[in-house]
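Summary of the model geometry
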Amino acid sequence: MNAVPTRLLIGGQWRPATDGAEFPVRNPADGSLLASVADATADDGVAALDAAVAAAAEWAATAPRTRGELLRAAFDALQQRREEFATVMTAEMGKPYAEALGEVTYGGEFLRWFAEEAPRVAGRYGPNPEGTGLMMVSHRPVGPSYLITPWNFPLAMATRKIAPALAAGCTVVIKPAEQTPLTTLLFAQLLTEVGVPPGVVNVVPTSAPVLISERLITDPRLRKLSFTGSTAVGRSLLAQAAGGVLRTSMELGGNAPFLVFDDADLDAAVAGALQAKFRNIGQACTAANRFLVHEPIAGEFTQRLTAAVKELTAETIGPLIDQRAVDGVGKLVDDAVTRGARLEIGGRAVEGPGSFYEPTVLSGVAPGSRLLREEIFGPVVAIVPFTDEDEAVRLANDTEYGLVAYAYTRDLARAHRLIDRLETGMFGLNAGVVSNAAAPFGGVKQSGLGREGGIEGIHEYLTTTYALLCR
Ligand code: NAD
């Protein structure tokens, strides 16, 4: 942990906060202090934007191939330091070490993918319909970008934004979540070591995200805001961005339905359910939140899943991010039980140090229960039976969110109908995880605006221009 930088990175310099303040970063598994990190003020945020603005023209003019090669070098360096990054992530965020290694793989793929996309940004050139001239359509970097990331995937949420921004030719200021700044700082150090020029990536951890964000979002030199976090915060940032008509990308909350039909391979469905629910201790925007199960198999599915969950322990799946999260999950479970849900297993916080909650299964969850409307963000399975496909679709769409849906069925015609009818940006058929750097990640409804990853991801950091060339 001693090797991890703990200062702000501004214009290539590691600096303390202007007022010298620091904030603690703790290990959620035992509450121990990992590091004290420089606590950026709003003025530090502006200094970081100054640096990003100063570096913008040269970085935009850097050959796309060169920008791509730097990202590829970052990918290679990250592979060589997999264990170090996984260790830091497990320490500050709490996910099991094997999952942290998985995040190094997933997060790294954005570097490799956008290294390859950087030189592929193309335009169009052709005659106008009137035949009087030529139309030229091209893309240019949108400009200095402010990136705000959450704590649940400390590396991948950073690379999913930094890699396309740099590939597109944008400089950035990144503000990691206050719970998990260390992974981002370590990654920024790696970028400087592979040769990303000073000012291209600036990092401002802070315990006061509101002040710094307000200053940057209302600064006319900022050209783009990319946020990943809760829908409530996203809404307030959108309102601030409206003042300057700032371009935004919003990766917000989810309430994923996990549909199991009576023709499904139940072993596969149980395995997929464990992945979709317990990965990241249930703290993922893509986590299955509502298990909608066809009535004829609801009893058997519940019994098999409960048996599988019995094999898990709070210690092996990992701690929640903090005690507030444990209390929040507890309240959702209590509310469901009060409304008639049956507690199959779990249902309690674990006594002692660290913020652990038992792996939990609730069946027969009643309509109106809070955990059907809100993100659970914890290791709690909520099972609701349905009678037919129409009811399944109605229940699945009965939410303000629309990030991802999962379905287990052997009927391909049904799968195609579900893809058409489910109001989500992503869909997994017989799959418990869909995220992939080569695919556009993002939601509809109040799950957000824009896409990260895929060939779409780089366009979040490009603006389209058109020129008419007359003879
Ligand atoms: P959060 O909204 O509380 O915080 C996210 C980030 O915003 C953090 O960096 C935080 O410091 C900052 N922030 C908080 N309040 C702010 C404010 N008023 N102004 C400016 N910045 C502010 O979310 P969280 O608890 O860190 O993360 C969990 C949420 O993120 C969940 O809702 C989850 O679904 C969502 N999420 C979405 C995706 C996605 O891709 N759609 C991915 C991961 C997480």
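How each quantity is defined
Residues numbered from 1 in each chain as written. Predicted model: local features only at pLDDT ≥ 70, side-chain atom pairs only at ≥ 80, totals over all residues. Heavy atoms only, no water. Buried < 20%, exposed > 50% of the residue type's maximum accessible area, 1.4 Å probe, protein only. Helix = DSSP H or I, 4+ residues; strand = E, 2+ residues; numbered from the N terminus. Arc of directions from axis to C-beta. Contact = heavy atoms within 4.5 Å. Polar contact = N/O pair within 3.5 Å; in protein donor to acceptor, adjacent residues only side chain to side chain. Near = heavy atom within 4 Å. Areas by Shrake-Rupley, 256 points an atom, 1.4 Å probe, with all protein chains shown as cover. 1 Å grid on protein atoms, 1.4 Å probe; cavity = no way out; pocket = protein on both sides within 12 Å on 5 of 7 lines; lining within 4 Å. Sits in = over half its atoms within 2 Å of the grid points. UniProt positions renumbered as here; feature names shortened; annotations may be inferred. Pairing = 2+ DSSP bridges. Axes fitted to C-alpha atoms, helices over the stretch in contact; angles between N-to-C directions. Points joined across faces, edges and corners; volume = space filled by probe spheres on them. Nonpolar A, V, L, I, M, F, W, Y, C, P; charged D, E, K, R; others polar. Phe/Tyr/Trp six-rings, centres within 6.5 Å; stacked < 30°, edge-to-face > 60°. Right-handed = clockwise from strand over helix to strand, strands pointing away. Parallel < 35°, antiparallel > 145°, perpendicular 65-115°, else oblique.

1. Side note on helix α15 (residues 412–421)
One turn of an α-helix holds 3.6 residues; hence residues three or four places apart share an orientation. Along α15, the positions that sit buried rather than exposed are R414, A415 and L418. Looking down the long axis of α15, one finds its buried residues gathered within 100° of arc, a one-sided arrangement. In α15, those exposed residues whose orientation departs by more than 90 degrees from the buried face are L412, H416 and D420. Buried residues along α15 sit against β12 (256–260), α14 (389–397), β17 (404–408) and β18 (426–429). By the N-cap criterion, in which a side-chain oxygen at the helix start approaches the backbone nitrogen of a residue two or three places on, α15 is capped by D411, the distance to A413 being 3.0 Å.

2. Quick notes on the site of the ligand
Inspection of the region around the ligand gives 29 residues, with T149, R160, E178, S230 and E375 positioned closest. T149 is positioned such that a nitrogen or oxygen atom in its backbone is 2.7 Å from an oxygen atom of the ligand. The contact in question runs from an oxygen atom of the ligand to an N or O atom on the side chain of W151, over 2.9 Å. The protein chains hide 88% of the 850 Å² of surface that the ligand would expose on its own. Of the pockets mapped on this structure, the ligand occupies the largest pocket. Mapped by element, the contributors of at least two residues to the shell around the ligand are α5 (156–168), α7 (209–217), β10 (224–228) and α8 (231–243). Of the residues forming the shell around the ligand, the biggest block, three residues, is contributed by α7.

3. Looking at the UniProt feature "domain: Aldehyde dehydrogenase" (unreviewed entry) in the protein chain
Per the UniProt record, "domain: Aldehyde dehydrogenase" (unreviewed entry) is annotated on residues 14–464. End-to-end, the C-alpha atoms of residues 14–464 are 35 Å apart, and along that stretch the chain is 42% helix and 20% strand.

4. Notes on the sheet that holds strand β15 (residues 360–363)
One open sheet holds the seven strands; their spatial order is β14-β15-β16-β13-β12-β17-β18, and the pairing between them is mixed. One side of each edge strand has no neighbouring strand; the edge strands of this open sheet are β14 (342–345) and β18. Ignoring strand direction, the axes of neighbouring strands in this sheet form an average angle of 25°. Both β15 and strand β16 (residues 380–386) contribute to a ladder of three bridges, which runs parallel. Looking across to β16, one finds that T360 is bridged to V380. Sitting on the sheet, α15 is in contact with β12, β17 and β18, with an inclination near 165° to β18.

5. A short note on empty space enclosed by the protein
Taken as a whole and assessed by the stated rule, the structure comprises two cavities of 30 Å³ or more. Forming the boundary of the largest cavity are 15 residues, of which P257, Y401, G402, V404 and T424 lie nearest the centre. Mapped onto the lining of the largest cavity, the elements with two or more residues apiece are β12 and α14. For the lining of the largest cavity, the class distribution of residues is seven nonpolar, six polar and two charged. For the second largest cavity, the calculated volume is near 40 Å³. Taken together, G254, N255, G282, A284, C285, A287, N289, E375, I376 and F377 make up the lining of the second largest cavity. Residue classes in the lining of the second largest cavity are distributed as five nonpolar, four polar and one charged.

6. Notes on the UniProt feature "active site" (unreviewed entry) in the protein chain
In the numbering adopted here, UniProt assigns the feature "active site" (unreviewed entry) to E251. As for its placement among the helices and strands, E251 is situated in strand β11 (residues 247–251). Dropping the residues within four chain positions of it, E251 is found in contact with R160, F227, T228, G229, F441, G442, S447, G450, R451 and E452.

7. Considerations on the packing of aromatic side chains
Think of a pair of aromatic rings as described by two things: how far the centres are apart, and how the planes are tilted against each other in angle. Applying the stated criterion across every chain, the model contains six aromatic pairs. Arranged with centres 5.9 Å apart and planes meeting at 40°, the rings of F258 and Y406 form a pair that is tilted. In this pair, F258 is assigned in strand β12 and Y406 in strand β17, connecting sequence segments 148 residues apart. When the ring of F261 is compared with that of F386, the centres are 5.2 Å apart and the planes differ by 65°; the resulting orientation is edge-to-face. Of this pair, F261 sits in the loop between β12 and α9 (266–278) while F386 sits in strand β16, placing them 125 residues apart in sequence. Across the pair, F386 and F261 agree in class, each one buried.

8. So, the pairing of β11
When you tally the buried positions in β11, you get four out of five residues, the bulk of the element. Once the chain exits β10 it traverses α8 before rejoining the sheet at β11, and the crossover so formed is right-handed. Here β11 pairs with strand β19 (residues 448–449) via two bridges, running antiparallel. Pairing of E251 across the sheet is with G448, part of β19.

9. Looking at unusual backbone geometry
Even without being a glycine, V245 presents a positive backbone phi close to 45°. Here V245 is to be found in the loop between α8 and β11. Of note, the phi angle at N280 is positive, near 60°, even though the residue is not glycine. Turning to its location among the elements, N280 is positioned in the loop between α9 and β13 (288–294).

10. Examining the packing of helix α3 (residues 82–93) against helix α6 (residues 181–194)
At a minimum axis distance of 8 Å, the contact between α3 and α6 shows a crossing angle of 160°. It follows that α3 is roughly antiparallel to α6 by the angle criterion. Side by side, α3 and α6 meet where E84, F85, V88, M89 and E92 of the first sit next to P181, L182, T183, L186, F187 and L190 of the second. Partitioning the contact of α3 with α6 into residue classes produces eight nonpolar, one polar and two charged.

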